[in-house]
Amino acid sequence: MAIIHQQAVMRAESGMDLRKCEGCFVKKDTSGKLVLCGKSDIRLGVFHVGGDEGEDTDYILPAHQGIVGVRLSESPGSVEEGTRLVLDDGGTATAGDTGTQVAVACEPGTGGQLLESYLTLPTVQAAPAGD
């Protein structure tokens, strides 16, 4: 039996209140419910777009080819168009060359902003040798 999805939007039950977390990255916990990612979560599951605890919530897969809103952390560093965004605590993203890259900025941004970005497949960026 083949399984084919024609779009990059999926749905799962929320494991916490995610209604104010638009643009935050989520993963599935051990019970299969969506929760916010931390910066050390390599198993990035999905990108979130809304939902209360226990509700079905839509999320966008990393392979999505369109522009999406990504929530920047409160102190994201210098974010310009083309900046690589890495996973930070609370499911947010920050500018960085090390960590788990999750998106690329399509515009300049500041702390806490919902930023136009395109998603990348989660990739661990290591510090250059000698750092």
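Residues numbered from 1 in each chain as written. Predicted model: local features only at pLDDT ≥ 70, side-chain atom pairs only at ≥ 80, totals over all residues. Heavy atoms only, no water.

## Focus: the overall build of the protein
The number of helices and strands found in the protein is zero helices and ten strands. When the helices and strands of the protein are listed from N to C terminus, the series reads β-β-β-β-β-β-β-β-β-β. The buried share among the 131 residues of the protein stands at 40%. Considering only intrachain contacts with a sequence separation of at least 6, the fraction spanning at least 24 residues in the protein is 51%. (Helix = DSSP H or I, 4+ residues; strand = E, 2+ residues; numbered from the N terminus. Buried < 20%, exposed > 50% of the residue type's maximum accessible area, 1.4 Å probe, protein only. Contact = heavy atoms within 4.5 Å.)

## Digging into the nonpolar core
Ranked by size, the top nonpolar core spans 16 residues in total, and within it Phe25, Phe47, Val70, Leu85 and Leu119 carry the most contacts. Counting residues in hydrophobic clusters, the runner-up holds seven residues, among them Ala12, Leu18, Val26 and Tyr59. (Core = buried A, V, L, I, M, F, W, Y, C linked by side-chain atoms within 4.5 Å.)

## As for the sheet that holds strand β10 (residues 114–125)
Taken in spatial order, the five strands of this open sheet run β6-β10-β9-β7-β8, and their pairing is antiparallel. On the outer flanks of this sheet lie β6 (67–71) and β8 (93–95), each paired with one strand and no other. Recorded for the sheet is a direction-independent mean angle of 50 degrees between the axes of neighbouring strands. (Pairing = 2+ DSSP bridges. Axes fitted to C-alpha atoms, helices over the stretch in contact; angles between N-to-C directions.)

## A short note on the pairing of strand β2 (residues 25–28)
Summarising the sheet, β2 and strand β3 (residues 34–36) pair through three bridges and their orientation is antiparallel. In the strand pairing of β3, Val26 is matched with Leu36.

## What to know about the environment of Thr120
Take Thr120: it is sitting in strand β10. Classification of Thr120 as buried rests on a relative accessible area of 16%. Residues Thr120 and Ala103 lie 17 residues apart in sequence; the distance between their C-alpha atoms is 5.0 Å. Sequence-distant contacts of Thr120, defined by excluding residues within four places in its chain, comprise Pro62, Gln101, Val102, Ala103 and Val104. Polar contacts involving the side chain of Thr120 include one to the main-chain amide nitrogen of Ala103, which spans 3.4 Å. (Polar contact = N/O pair within 3.5 Å; in protein donor to acceptor, adjacent residues only side chain to side chain.)

## Some thoughts on the pattern of salt bridges
One pass over the full model with this rule turns up five salt bridges. Arg11 is the partner of Asp58 in a salt bridge, and the nearest nitrogen-oxygen pair spans 2.7 Å. With a gap of 47 residues between them, Asp58 in strand β5 (residues 56–60) and Arg11 in strand β1 (residues 9–13) connect regions that are remote in the sequence. Among the residues examined, Arg11 registers a relative accessible area of 54% and is labelled exposed. Linking Asp88 and Lys39 is a salt bridge whose minimum nitrogen-to-oxygen distance equals 3.7 Å. Taken as a pair, Asp88 in the loop between β7 (84–87) and β8 and Lys39 in the loop between β3 and β4 (46–48) lie far apart in primary sequence, 49 residues in all. Judged by its relative accessible area of 45%, Lys39 falls in the partly exposed class. Each member of the salt-bridge network shares a partner with another, and the members are Asp17, Arg19 and Asp52. (Salt bridge = Lys/Arg side-chain N within 4 Å of Asp/Glu carboxyl O.)

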